[in-house]
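Chain by chain, the residues run as shown.
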Amino acid sequence: MSKPSDLTYDAVVIGAGHNGLAAATTLARQGKSVCVIESRDGIGGMARNAAIAPGVVAPKMAHLLYNLNPKTLKELGITAPKSVSLPTVSLADDGRHVVIQGDLVIYADGSAHPEAATFAALHKRLTKFAALLGQMSLKTPPSLAGGLMDMATLQELAGLAKLGIGLKRMGKKDMREFLRILLSNAYDLILDDFADAPLAGMLAADAVRGAYAGPRSPGTVFSMMYRLGNGGDVRLPMGGMGAVADAFANAAKLAGCDIRTGCGVAQVIVENDTARGVILADGSVINARSVLSSIGAFQTMQMAGVQHYDTEAVRRLRNLRNKGTVAKVNLVLSGAPDFVGLDAKLTAGRLLIATSATYVERAFNPVKYGDMSNAPVIEAVIPSLSDPSLCSDGQHILSANVQYVPYALAGGWTPAARQKLLELTLDRLEVYAPGLGRLVTHSEVLTPLDIETQTGAPGGHWHHAEMGIDQILTLRPVNGMARYGFGIAGYYLCGASAHPGGDVMGTAGRNAARQLLKDGVLA
Amino acid sequence: MSAKIKAAAVPMGLIETPFYPRLAALSRAKSWIGWAGYISPLVLDTVEFEYFAIRNQATLFDISPMHKYRITGPDALAVVNRLITRDIRKVRDGRVGYAMWCDEDGMLIDDGTVFRFSQTDFRLCCQEPMYGWLMDVAWGFDVVVEDESDSIAALSLQGPTSYSVLKDAGLDVAEMKPFDWREVEPDLWISRTGFTGDLGYEIWVPRDHALAIWDRLWAAGADWGLRAIGGQALNMVRIEAGYIAAGVDFQPVHAVMRLHRGRTPMELGFDRTVAFDKGHFNGRRALLAQQDAGQRFALVKIDIGGFKPADGALIYHRKRTEVGHVTSGIWSPTAKRNIALAELKAPFGISVTTDLWADVYVHEEGVWRHKMVAVVIETKPFFANTRARATPPRAF
Ligand SMILES: Cc1cc2nc3c(=O)[nH]c(=O)nc-3n(C[C@H](O)[C@H](O)[C@H](O)COP(=O)(O)OP(=O)(O)OC[C@H]3O[C@@H](n4cnc5c(N)ncnc54)[C@H](O)[C@@H]3O)c2cc1C
């Protein structure tokens with residue numbers, strides 16, 4: 001039911017990634033007419049599936065759910081696909097793999113882990129802190145611009161005060177601890193309590209997942225806690241991450257949104273400092289009373305035209321840190337691989353190669369100089385073990401996030417460089433699953449540059465913009481633009497580069513749409 | 001072992017302007033100040049002589065230390081209009097416009113003059129260093145920004161006989177109206193502009209032509225009472241003309257460290273230089289918001305009773321509530337009045353304009369006295385003379 005183009009939509013959304021879809025659904029469920037424009041043929045953005053070989057469907061990029069919030073799903077009327085909670089296996093060179101599930105830690109052979117109690121205590125402490133931060137993720141970051149006499153400011157302060165009260169309720173000792181560690185680095189926090197071994201490696205790797213940061217970088221405790229905002233459960237969606245994106249799309253359609261794929265937005269129409277619609281790459285015009293953009297923040301500015309932005313805003317957006325460090329390697333296997341020391345259940349788990357916090361830090365070093373890690377941190381999962389529907393004929397798909405891989409590789413991303421990345425990845429996996437290489441019938445390597453080319457995500461960055469302490473909360477994506485409104489009246493940022501950031505959770509999209517409504521743009 | 005300081009590659013101390021040899025020869029007062037890194041006269045002879053020369057004869061003031069930037073390229077007009085608050089499309093080729101520019105909060109960064117050669121070629125002239133800011137403003141636009149501060153020498157020739165001086169120097173500017181801008185001879189540009197509110201011109205030449213133009217004007221000026229002057233006399237006449245000075249009547253926002261020390265054009269009384277209808281420019285949204293919320297301050301021209309200069313005096317309402325202060329104040333020898341620019345906190349100076357008092361402190365040979373003196377807000381400049389605008393100008 002696509003509308004003739006002389007009609008004016010209440011809102012046009014740029015990009016049908018899950019955040020764009022979440023924004024569209026939020027508006028449509030309030031009775032607004034919404035059109036989502038996606039440049040690619042399919043929806044989902046970084047959270048889509050792809051058929052990468054005959055009979056094999058893989059989660060193209062994102063593969064696991066860390067942060068999907070049930071509250072958001074319910075609010076948007078999304079029926080999420082079934083998912084299973086996966087144990088995390090932190091692989092060890094000596095074969096004493098460590099299994100983590102929730103706050104439990106044991107060795108893969110079933111024996112007790114000496115740091116189990118320490119881990120449980122840390123996990124408890126961090127999830128408690130993370131829950132506080134989690135509350136903030138569902139809110140627009142506060143602005144104190146209005147001063148204390150301003151009603152809107154007071155309401156926001158009340159929200160902040162709640163965080164303050166939450167902090168107080170934790171008790172003096174916890175509060176002191178929270179404030180002590182909030183801006184510190186994960187490496188020190190972890191090694192205060194743990195031996196530098198696979199359990200520490202797992203904590204360190206999760207603290208920097210998707211980041212241009214090593215565990216010794218400041219602010220990594222914050223990112224560690226942010227991931228734990230919903231308890232830290234790691235879930236594998238049935239049908240691949242694409243099924244999650246489809247669920248977002250279905251909810252959008254159900255709410256009455258039009259979704260147009262195959263032709264992207266070339267330009268945002270601005271009249272009298274107000275967003276009035278978009279012009280597509282084929283020249284067609286879609287009129288609208290507001291425009292929401294789920295592409296990168298800098299790209300969102302350029303889409304409207306730099307002339308509409310104050311010089312300071314342009315400067316900040318130009319300097320946004322968004323160098324991706326994660327490559328995706330998808331391997332089609334002719335059969336199930338054999339990881340030494342892991343049973344079938346654990347093999348189907350989240351497999352981490354991060355043998356110590358120092359290993360993770362060392363892996364980060366080369367990327368600073370434009371090189372890839374020789375011993376990368378790998379987060380691998382074989383979704384077809386839990387969900388056989390993904391592959392036919394006994395084949396399997398191994399989906400791996402490989403970190404650290406530079407966006408701008410010294411010497412460029414030549415075929416030889418890609419081959420090297422593939423071999424490095426295989427070499428690391430072979431250590432724990434000898435013979436895995438022989439099972440590979442097809443492979444796909446997506447460098448950060450490829451990810452940028454295929455999704456438009458700046459730098460191929462996981463979060464569209466680094467989640468550093470200078471780019472989160474009231475500073476996300478940049479100072480002065482943290483409240484979704486993007487300079488021009490009726491123009492909103494609704495993707496991963498907005499608060500609270502990336503991961504498949506849809507919160508940025510939902511928050512942006514709610515703020516647009518609250519600002520009275522469509523009143 | 002004694003450490004010997006060697007002559008460094010980077011010169012130390014103030015830099016001589018292109019006109020320094022002539023100024024140094026004329027300086028009796030030996031009263032110099034640093035201006036933007038250059039050595040500049042505060043007074044050359046006596047401030048009284050120099051002041052009366054501006055109002056009665058003709059004067060030369062070396063404005064080479066002003067920062068000058070050239071903005072050229074297909075997008076030059078767009079960049080200038082993005083920078084400043086007024087609409088440069090309304091300033092024709094060969095014209096000069098007074099302009100203000102603001103940060104994203106609408107706070108004044110600086111004010112200055114924009115010289116329009118064509119829609120692809122402009123010169124910006126101002127007090128504060130602006131190269132970095134201009135580069136940022138120009139980002140994403142097809143222009144070249146060049147810092148001409150060092151390569152262009154400039155003189156301000158001001159006073160009732162200034163036209164005659166030019167004429168006798170063989171420079172024909174009879175048809176030039178105020179704010180006109182011409183290449184009168186190859187590489188010699190003259191604008192009918194100035195900081196005195198009187199008849200006057202500014203002369204712009206490549207640095208190595210500086211002394212030649214000085215000598216030419218000096219020779220022609222002999223019969224017209226031409227004098228060289230320093231900044232102190234100029235400061236008096238600019239207050240009479242009601243012109244504001246950066247760092248004095250407003251604090252350039254990039255140079256302040258404390259919050260809320262910036263001021264908007266409206267707060268400085270320059271609403272007319274803000275063209276909200278021209279499309280986006282830096283600070284537009286913030287200025288619109290202030291238009292709705294109302295300005296916080298008002299810079300006003302005031303007449304203070306008595307004859308004691310009231311620079312820095314606090315201003316009171318009903319002699320009780322402190323509501324502002326004088327930013328620049330002098331006894332005006334021409335107006336024969338005690339005049340000043342003052343900043344008042346809203347609503348004073350806007351809706352409340354009476355019952356205002358200046359607390360004037362007077363120091364007489366070791367004894368301080370202070371007195372509440374009545375303040376009257378003025379809307380017109382303290383000095384205005386039709387000769388300033390007459391075209392062609394009169395001989396004096
Ligand atoms: C390798 C990799 C692995 C990841 N793994 C995980 C994971 O396991 N778990 C997890 O939670 N997160 C993961 N992430 C992060 C997560 O995928 C992203 O943060 C999230 O998908 C971002 O969603 P989004 O909707 O904001 O943006 P995107 O998914 O990037 O969507 C933006 C959409 O806009 C479209 N678009 C771009 N330009 C235009 C245009 N001009 N006109 C119209 N449309 C346009 C794009 O095609 C795209 O569909 C991973 C990221 C990467 C790079």
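Note that the structure is predicted; figures quoted are calculated from it, not measured.

Parameters at a glance
Residues numbered from 1 in each chain as written. Chains lettered and ligands numbered in written order. Predicted model: local features only at pLDDT ≥ 70, side-chain atom pairs only at ≥ 80, totals over all residues. Heavy atoms only, no water. Helix = DSSP H or I, 4+ residues; strand = E, 2+ residues; numbered from the N terminus. Rg over C-alpha atoms; globule rule 2.2 N^0.38 Å. Buried < 20%, exposed > 50% of the residue type's maximum accessible area, 1.4 Å probe, protein only. Contact = heavy atoms within 4.5 Å. Areas by Shrake-Rupley, 256 points an atom, 1.4 Å probe, with all protein chains shown as cover. Lys, Arg positive; Asp, Glu negative; His and termini not counted. Charge placed at Lys NZ, Arg CZ, Asp CG, Glu CD. Domains from an automatic or database assignment. Near = heavy atom within 4 Å. Polar contact = N/O pair within 3.5 Å; in protein donor to acceptor, adjacent residues only side chain to side chain. Nonpolar A, V, L, I, M, F, W, Y, C, P; charged D, E, K, R; others polar. Pairing = 2+ DSSP bridges. Axes fitted to C-alpha atoms, helices over the stretch in contact; angles between N-to-C directions. Parallel < 35°, antiparallel > 145°, perpendicular 65-115°, else oblique. Left-handed = near helix turned anticlockwise from the far one by under 90°. Salt bridge = Lys/Arg side-chain N within 4 Å of Asp/Glu carboxyl O. Buried area = accessible area lost by both parts, 1.4 Å probe.

Let's shift gears to the overall build of chain A. On a plain count of helices and strands, chain A comes out with 18 helices and 21 strands. Here the C-alpha atoms of chain A give a radius of gyration of 22 Å, agreeing with the 24 Å that 2.2 N^0.38 yields for 523 residues. Along the longest, intermediate and shortest principal axes, the C-alpha atoms of chain A span 65 × 60 × 45 Å. Taking all 523 residues of chain A together, 60% fall into the buried category. Taking the intrachain contacts of chain A between residues at least 6 apart in sequence as the baseline, contacts between residues at least 24 apart amount to 73%. If you sum the accessible surface of chain A, you get close to 19600 Å²; carbon and sulfur atoms cover 55% of it. Once the 48 positive and 44 negative side-chain charges of chain A are each reduced to a mean point, those two points are 7 Å apart.

So, about the domain arrangement of chain B. Taken domain by domain, chain B holds domain 1 (20-65 + 150-240), domain 2 (67-136) and domain 3 (296-380). Computed from C-alpha atoms alone, the centre-to-centre distance between domain 2 of chain B and domain 3 of chain B is 33 Å.

Residue and element names in this part refer to chain A. Taken together, 33 residues are adjacent to the ligand, and Asn19, Glu38, Leu64, Trp462 and Val504 come closest. Taking His63, its main chain carries an N or O atom lying 3.0 Å from an oxygen atom of the ligand. Note that a nitrogen atom of the ligand is positioned 2.6 Å from one of the backbone N or O atoms of Leu64. Coverage of the ligand by the protein chains reaches 96% of its 1000 Å² of free accessible surface. Broken down by secondary-structure element, the contributors of at least two residues to the shell around the ligand are helix H1 (18-28), strand S3 (34-38) and helix H17 (448-455). Grouping the constituent residues of the shell around the ligand by class yields 15 nonpolar, 15 polar and three charged.

Another point: the sheet that holds strand S16 (residues 326-333) of chain A. Residue and element names in this part refer to chain A. The eight strands are arranged S9-S8-S7-S17-S18-S19-S16-S20 in an open sheet whose pairing can be described as mixed. The two strands at the open ends of the sheet, each matched to only one other strand, are strand S9 (104-107) and strand S20 (440-446). Going from strand to strand, the sheet's axes swing by 20 degrees on average, the running direction of each strand aside. Bridge analysis of strand S7 (residues 88-90) against strand S17 (residues 350-353) gives three bridges, and the strand direction is parallel. Bridging across to S17, Ser90 finds its partner in Leu352. Sitting on the sheet, helix H15 (residues 415-432) is in contact with S16, S17, strand S18 (377-381), strand S19 (396-403) and S20, with an inclination near 65 degrees to S16.

On to unusual backbone geometry, then. Each neighbour pair has its own omega, and for Gln403 of chain A with Tyr404 of chain A the value is 15 degrees, a cis peptide bond. For the peptide bond that leads from His499 of chain A to Pro500 of chain A, omega is 5 degrees, which places it in the cis range. Inspection of the secondary structure assignment puts Pro500 of chain A in the loop between strand S21 (491-493) and helix H18 (507-518). Positioned with a positive phi, Arg318 of chain B is a non-glycine residue whose angle comes to about 50 degrees. Examined against the element boundaries, Arg318 of chain B turns out to sit in the loop between strand S15 (314-317) and strand S16 (321-332). Judged by its relative accessible area of 49%, Arg318 of chain B is partly exposed. You will see that Lys336 of chain B, though not glycine, has its phi angle at about 55 degrees, which is positive. Take Lys336 of chain B: its relative accessible area is 56%, and that puts it in the exposed class.

All names here are of chain B. With respect to burial, strand S5 (residues 95-102) is a largely interior element, seven of its eight residues being buried. Judged from the eight bridges that link them, S5 and strand S6 (residues 108-118) form a sheet pairing that is antiparallel. Within S6, the residue paired with Met100 across the bridge is Asp111. In this structure, the hairpin formed by S5 and S6 is closed by a connection of five residues, where Gly106 is found at a positive phi of approximately 80 degrees.

On to the packing of H1 of chain A against helix H9 (residues 241-254) of chain A, then. Residue and element names in this part refer to chain A. It is the contact of H1 with H9, at a shortest axis distance of 9 Å, that shows an interaxial angle of 25 degrees. Here H1 is positioned roughly parallel relative to H9, judged by the angle of their axes. Judged by the sense of rotation from one axis to the other, the crossing of H1 with H9 is left-handed. Across from His18, Leu21, Ala22 and Thr25 in H1, the residues of H9 making contact are Ala245, Phe248, Ala249, Ala251 and Ala252. Partitioned by chemical class, the residues of the contact of H1 with H9 number seven nonpolar, two polar and no charged.

For the structure shown, the criterion picks out 43 salt bridges over all chains. With a closest N to O distance of 3.0 Å, Arg28 of chain B and Asp45 of chain B form a salt bridge. With a gap of 17 residues between them, Arg28 of chain B in the loop between helix H1 (20-26) and strand S1 (31-35) and Asp45 of chain B in the loop between strand S2 (38-43) and helix H2 (47-56) connect regions that are remote in the sequence. With its nearest N and O atoms 2.8 Å apart, the salt bridge here joins Glu240 of chain B to Arg55 of chain B. Within this pair, whereas Glu240 of chain B is found in helix H7 (residues 231-241), its partner Arg55 of chain B is found in helix H2, the two being separated by 185 residues in sequence. Of the two residues, Glu240 of chain B and Arg55 of chain B, neither departs from the other in class, the shared state being buried. Taken together, the salt bridges that share partners define one network made up of Arg125, Glu177, Arg180 and Asp193 of chain A.

This part takes up the interface of chain B and chain A. Listed per partner, the contact involves 15 residues of chain B and 18 residues of chain A. Summing the contributions of chain B and of chain A, the shared interface buries around 1400 Å²; its carbon and sulfur component is 42%. Area buried by chain B at its contact with chain A is led by Glu104, Trp139 and Arg285 of chain B, which between them contribute 47% of it. Counting across the chain B and chain A interface gives five salt bridges. When the shortest N-O distance is used, the salt bridge between Glu104 of chain B and Arg316 of chain A registers 2.6 Å. Our count for the chain B to chain A interface comes out at twelve residue pairs in polar contact (both at pLDDT 80 or more). Counting only elements with at least two residues in the side of chain B that touches chain A, the list comes to helix H4 (131-137) and helix H8 (284-293) of chain B. By residue number, the principal contributor to the side of chain B that touches chain A is H4 of chain B, which donates three residues. Its residues placed into classes, the side of chain B that touches chain A shows five nonpolar, four polar and six charged.

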